[in-house]
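Geometric and topological summary
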Amino acid sequence: MSGTQTPDFDKIIIGIDPGTNVMGYGILGVKGKKPHLMALGVIKLSKFESHYLRLRRIYDRVLGLVEQYLPDEMAIEAPFFGKNVQSMLKLGRAQGVAMAAALCRDVPITEYEPRKIKMAITGNGGASKEQVKEMLRRILVIPAESLDIELDATDALAAALCHFYESSRPVVAAGPKSWKDFIAKNPDRVK
């Protein structure tokens, strides 16, 4: 496996926004407690007439990104449930193929619901794609002209940043909620 010449990051996260016409990807490098944009783009799939050729292209490109950037983790947007069963099936296949490419190189994967990603980035689970894009630009200090790209790419970057936030949280042990709870659970410690 050969990696891209990159700054010395503590962790690299690849975000994927699965799609069967356009699949977005965003790659963050984390140094200390600060995320940095490494790469952002889309995989255009509409030129392939066969759904199976699209799946092959997704696998090849995601595997190529994994081999190029050597991510430590993948964050992928979970498909939301729609009314069109055929669309959901195709989207699920696209997501599965992207996941298989990461798993092929032992990259752990975490799925996030679209509302959770939007909430992590904007504070609003119902935010528009444009609002997510603007918040990413501000948070990661990216010049506006650098984000002149399809929203699928910024959605993928949002998944990666959401994962950074989620994995950076300190884990707090579940303790008693009140003194009454503590006494109930520890009668031998009360005099």
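Within each chain, residue numbers correspond to sequence positions counted from 1 in written order. The predicted nature of this model means local features are confined to residues of pLDDT at least 70 and side-chain atom pairs, given and counted, to a pLDDT of 80 or more, with totals for whole chains, interfaces and linings taken over all residues. Hydrogens are left out, water is left out, and the side-chain values use all remaining heavy atoms of the structure.

Section: the sheet that holds strand β1 (residues 11-17)
Note the cut-off: Two strands pair under a simple rule: DSSP has to find at least two bridges between them. Only DSSP runs of H or I reaching four residues or more are called helices, and only runs of E reaching two or more are called strands; each is numbered from the N terminus. Axis lines are fitted through C-alpha atoms, for helices just across the contact stretch, and the angle between N-to-C directions can take any value from 0 to 180 degrees. Residue contacts follow a heavy-atom distance rule, with two residues in contact if any of their heavy atoms lie within 4.5 Å.
As summarised here, the arrangement of the 5 strands in space is β3-β2-β1-β4-β5, forming an open sheet in which the pairing is mixed. Looking at the sheet topology across the chains shown, the edges are occupied by β3 (34-44) and β5 (109-112). With strand direction ignored, the average angle separating the axes of adjacent strands in the sheet is 20 degrees. Where β1 and strand β2 (residues 22-31) come together, 7 bridges link them in antiparallel fashion. Within the sheet, the bridge partner assigned to Ile13 lies in β2 and is Leu28. Where helix α1 (residues 51-69) meets the sheet, its contacts fall on β1, β2, β3 and β4 (73-77), and the angle it forms with β2 comes to roughly 15 degrees.

Notes on unusual backbone geometry
We count it as follows: Categorising residues by exposure relies on relative accessible area from a 1.4 Å probe, with only protein chains included: less than 20% of the type maximum marks a residue as buried, more than 50% marks it as exposed, and the intermediate range marks it as partly exposed.
The residue Leu70 is not glycine, and still its phi comes out positive at about 50 degrees. Tracing the chain through its elements places Leu70 in the loop between α1 and β4. By relative accessible area, which is 37% here, Leu70 ends up partly exposed. The backbone phi angle of Val141 is positive, close to 50 degrees, even though this residue is not glycine. Given a relative accessible area of 64%, Val141 falls into the exposed group.

Some thoughts on the confidence of the model for the chain
Under the convention used in this document: The predictor's confidence in any single residue is recorded as pLDDT, a number from 0 to 100.
When pLDDT is averaged along the chain, the result is 89; 91% of the residues meet or exceed 70. Predicted confidence is poor over residues 1-5, with pLDDT under 50, and the contacts of this stretch with residues over four places away or in other chains come to 10 contacts.

A look at the packing of helix α4 (residues 129-139) against helix α5 (residues 151-168)
To be explicit about the condition: The labels follow the angle: roughly parallel below 35 degrees, roughly antiparallel above 145, roughly perpendicular from 65 to 115, and oblique for the rest. The hand of a helix crossing depends on one turn: near helix anticlockwise from the far one by less than a right angle means left-handed, and clockwise means right-handed. Under the scheme applied here, ten amino acids are nonpolar (Ala, Val, Leu, Ile, Met, Phe, Trp, Tyr, Cys and Pro), four are charged (Asp, Glu, Lys and Arg), and all others, including Gly, are polar.
Two elements in contact, α4 and α5, have axes separated by 9 Å at closest approach and are oriented at 60 degrees. By the angle class used here, α4 and α5 are oblique. Crossing hand, α4 versus α5: left-handed. Between α4 and α5, the contacting residues are Lys129, Glu130, Val132, Lys133, Leu136 and Ile139 on the first element and Leu151, Thr154, Asp155, Leu157, Ala158, Leu161 and Tyr165 on the second. Broken down by class, the residue content of the contact of α4 with α5 amounts to 8 nonpolar, 1 polar and 4 charged.

Quick notes on α1
At 3.6 residues per turn, the α-helix brings residues three or four places apart onto the same side. As a reminder of what qualifies: The length a helix should cover is 1.5 Å for every residue beyond the first. It is the directions from the helix axis to the C-beta atoms whose arc is reported.
When the terminal C-alpha atoms of α1 are compared, their 27 Å separation across 19 residues agrees well with the 27 Å that a helix rising 1.5 Å per residue should span. Of the residues making up α1, those classed as buried are His51, Arg54, Leu55, Ile58, Val62, Leu63, Leu65, Val66 and Tyr69. End-on view of α1: buried residues confined to an arc of 160 degrees, all on one side of the axis. Opposite the packed face of α1, turned more than 90 degrees from it, sit the exposed residues Tyr52 and Arg56. Check the buried side of α1 and you find it contacts β1, β2, β3, β4 and α2 (85-103).

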